[in-house]
Each structure stands twice: as C-alpha cells, then as structure tokens.
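Here are the chains, one letter per residue:
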Protein chains: 2
Amino acid sequence: MSRLAIDGGMRAVDQAKANGFDLNGCVLHLLHRAQQAADEAFAAAFSDTGLTPRQLAVLVIVGEREGTNQVGLVEATGIDRSTTADLVRRLMRKGLLARRRARHDARSNVLRLTDEGRVLLESFRSRAAEVDRMLLEALPEGGRAGFVEALGRIATMAPLTGGAVADRSLLAAE
Amino acid sequence: MSRLAIDGGMRAVDQAKANGFDLNGCVLHLLHRAQQAADEAFAAAFSDTGLTPRQLAVLVIVGEREGTNQVGLVEATGIDRSTTADLVRRLMRKGLLARRRARHDARSNVLRLTDEGRVLLESFRSRAAEVDRMLLEALPEGGRAGFVEALGRIATMAPLTGGAVADRSLLAAE
DNA sequence: TATTGTTATACTCTATAACTATA
DNA sequence: TATAGTTATAGAGTATAACAATA
C-alpha cells in the first residue's frame, strides 16, 4: 500500500530525481548515445568501404604491430577470441588482411596487412582522424583533452581478465 | 616506391603519430572501450535480472512517461522501430511491461509498467545509479560533471532524422 | 595441462524492406 | 498518402562451450 501511495503521489520522473537517477544524466546511457552518434559519423565517413569501427581497429593494430597473432588483437581491442576469428575472416575476405602460421608456433596465426590493406589503411586513418575531430568539435576547446583522458580512464578501468568485476566491491558497498 | 620508402623508414606507430591518429587517443575507439567497461559493470550489477542496458532504458522511459507508445521509445532511446518492437516483446515476456491499443488511435500501442515492473524498476534505478557512481569514481572528482556534460553534447549532436549526416559538411571541409 | 584458433550456438542490437491496419 | 506497428531477413558484435592441434 505504501508503494501505491508513492506511485500515486509522485510522478516517476520526480522519483528519478529523488533517488538521484536520471536517464539523461546517466553515464551508462549517455555513453551509448554518444557511441551511436560516433558510429553514425563513422558510417557516413566510411560508407564506401563497408568497414566497421571494430574492423578498422583491427587494421590499425595490425598496422602498428605487424606480425601479431589473434591473441594480440584480443588484448588490444577487448574483442573476444571467437569474434576476433570472425573479424579476421571478414577482413581477409575484403582482401585487407592476410595470415599464415607462425614458424615458431604452429598454433599461432601471424597477421599482416595485404599490400592493398596497407595502402588503404593510410586513407582510413585520415578519415578516422577527421571523424574524431568532428566529434570533438561538439565540445568547448578547453574541454577536449580532458574528455579524451576521462574516456581513457573509464576504458581502462576494466581489465579483460574478468577479475575486475569481482574486485569492485564498491557495488555492494554503497 | 615512395610508399615503400615510407613504410620501410617509419614504423606504423610513428606514422600514426605523424598524421595525428592514435587508436588510444581516438574518441571513436575510446568510446567503445569505455562502453565495454560500462556494460561489464552493468552486467555484473544486473546479472540476476537478465536485463540489458537498453531494456532498462526502455523501462525507465516508460516509467517516466507512462502511456507513451513505441514511437515515443524510438525518440527517447534512438533505437529504431523494429528493434523497439523486439525489446517491448522481450520485456512483456519478462512480465515487466504491458501494452494495449490506444483508444484514440487504433494503430498505437499504449505502454505501461506492470505492477511487478513498477516495483522492480525502483531497485533497478538504484543499481544503475550505483554503476554510474562506480564508473565516475575512475575520474577525478572535479572532472565528473564536465565529463557527463561532454558525453551529453556528443550524444545529442546527431539527431535521429538522419539529416544530420548530410548537414555535417565538416567531414569534407577539413 | 595450458594455449591458439576454430566452430557451433545463441542472443542483443541494428537496419532495411515489405506488410497490415489504421489515420 | 502517411503513420504505427509487426514481421522477415540480414549482419555485426558478444559470449560460452566444445573441439583440434600444438606447446
């Protein structure tokens, strides 16, 4: 009955304010919305390539550490093994990536850019930098570096090990 | 040949720095990584519910504007019509959401929380607020409000109309 | 035994198109 | 004609589990 009294006497939006939760002030939700905006900008800039942001990340990483294997990609992108296998397959199908078995470890795939991939990556990098600049133009000039740094801090707060979740007793602490 | 010279004489990571593009300073990539961290924290906090961040967003919005239809959800969440239909169906299956045809417009579904949904939403809101607090703890205290505001700015820079992409001549402008 | 990679499976989200029924 | 919603289809990304080959 007390619940009914609360529901009846207080609009949900006011309840939201009362307990300090508002969707449009919620990091979780804003992060998603911001990524929607970023992905939309990316899609517009890369529409002729059929490339996704994740596929570009893989190309960039292989470009930076040519000869890495798929585990290297997992570590660098946060994408898991099976998704990585798919991504690599899609990029090979596009002719941008190639792989061969490592000489020193027959389990391991050595990844490298194809000649075409190496050429295209240069223009992809420029485009991605432009998308980034465009996104940052939504922010006041003085706040851009701080925003990128803050994103980096949140991005790196969760190691892939999964142990991080268990460590965060903050959730239960209140 | 000049390309080969560049590739041979300069490591890719240095090229990245030269043209101002670095994956770990890239908004596009950091936004994704940050969301991975946020989703992981969310999943840990909501593991007993089977709820996804998007499903929670729908519940919150219906809670704030009970009686909205699915178009209202599309506008509030940025999720498209067909995804929204799926989301609503999943939430109905969980017994959290109910809908009926609108009296004034027989095409329109009026959405409302079930009694169970209304009760659970209160605890969901608290949990989401805790996840948010935890994420923000990765940032220096003085930068939190600014970060949330910056996220909001990027989130709202792309209207759903799609016209926004065409408007952004910045991409070609350089 | 542990690691690398693959495959199978499943689910969420996204997106488009075609469709029904209403307006 | 336009709108609200559904359905079908497709693809991307994520996740788990099981597996083969290798270390």
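For the structure, check the block above.
Residues numbered from 1 in each chain as written. Chains lettered and ligands numbered in written order. Predicted model: local features only at pLDDT ≥ 70, side-chain atom pairs only at ≥ 80, totals over all residues. Heavy atoms only, no water.

This part is about the interface of chain A and chain B. Each partner contributes residues to the interface: chain A has 74 residues there, and chain B has 75 residues. Carbon and sulfur atoms supply 68% of the area buried between chain A and chain B, which totals about 7100 Å² over both sides. At the junction of chain A with chain B, the criterion picks out zero salt bridges. In this assembly, chain A and chain B are joined by ten residue pairs in polar contact (both at pLDDT 80 or more). The set of elements that each furnish at least two residues to the side of chain A that touches chain B consists of helix H1 (2-9), helix H2 (12-18), helix H3 (27-45), helix H4 (53-64), helix H5 (70-77), helix H7 (115-136), helix H8 (144-155) and helix H10 (170-173) of chain A. (Contact = heavy atoms within 4.5 Å. Buried area = accessible area lost by both parts, 1.4 Å probe. Salt bridge = Lys/Arg side-chain N within 4 Å of Asp/Glu carboxyl O. Polar contact = N/O pair within 3.5 Å; in protein donor to acceptor, adjacent residues only side chain to side chain. Helix = DSSP H or I, 4+ residues; strand = E, 2+ residues; numbered from the N terminus.)

Around DNA strand C sit 24 residues, and of these Arg81, Arg99 and Arg107 of chain A together with Thr52 and Thr83 of chain B come closest. The sugar-phosphate share of atoms of DNA strand C within 4 Å of the protein amounts to 58%. Here a phosphate oxygen of DNA strand C sits 2.9 Å away from a polar atom, N or O, in the main chain of Val71 of chain A. Among the elements of the structure, H3, H5 and helix H6 (81-93) of chain A together with helix H6 (81-93) of chain B are those that each provide at least two residues to the surface near DNA strand C. (Near = heavy atom within 4 Å.)

Residue and element names in this part refer to chain A. Evaluation of the coordinates by the stated rule reveals five aromatic pairs over all chains. Put simply, the rings of Phe42, Phe46 and Phe124 pair up and form one aromatic cluster. When the ring centre of Phe46 is taken as reference, the NZ or CZ atom of Arg127 above it lies at 5.5 Å. (Phe/Tyr/Trp six-rings, centres within 6.5 Å; stacked < 30°, edge-to-face > 60°. Lys NZ or Arg CZ within 6 Å of the ring centre and 35° of its normal.)

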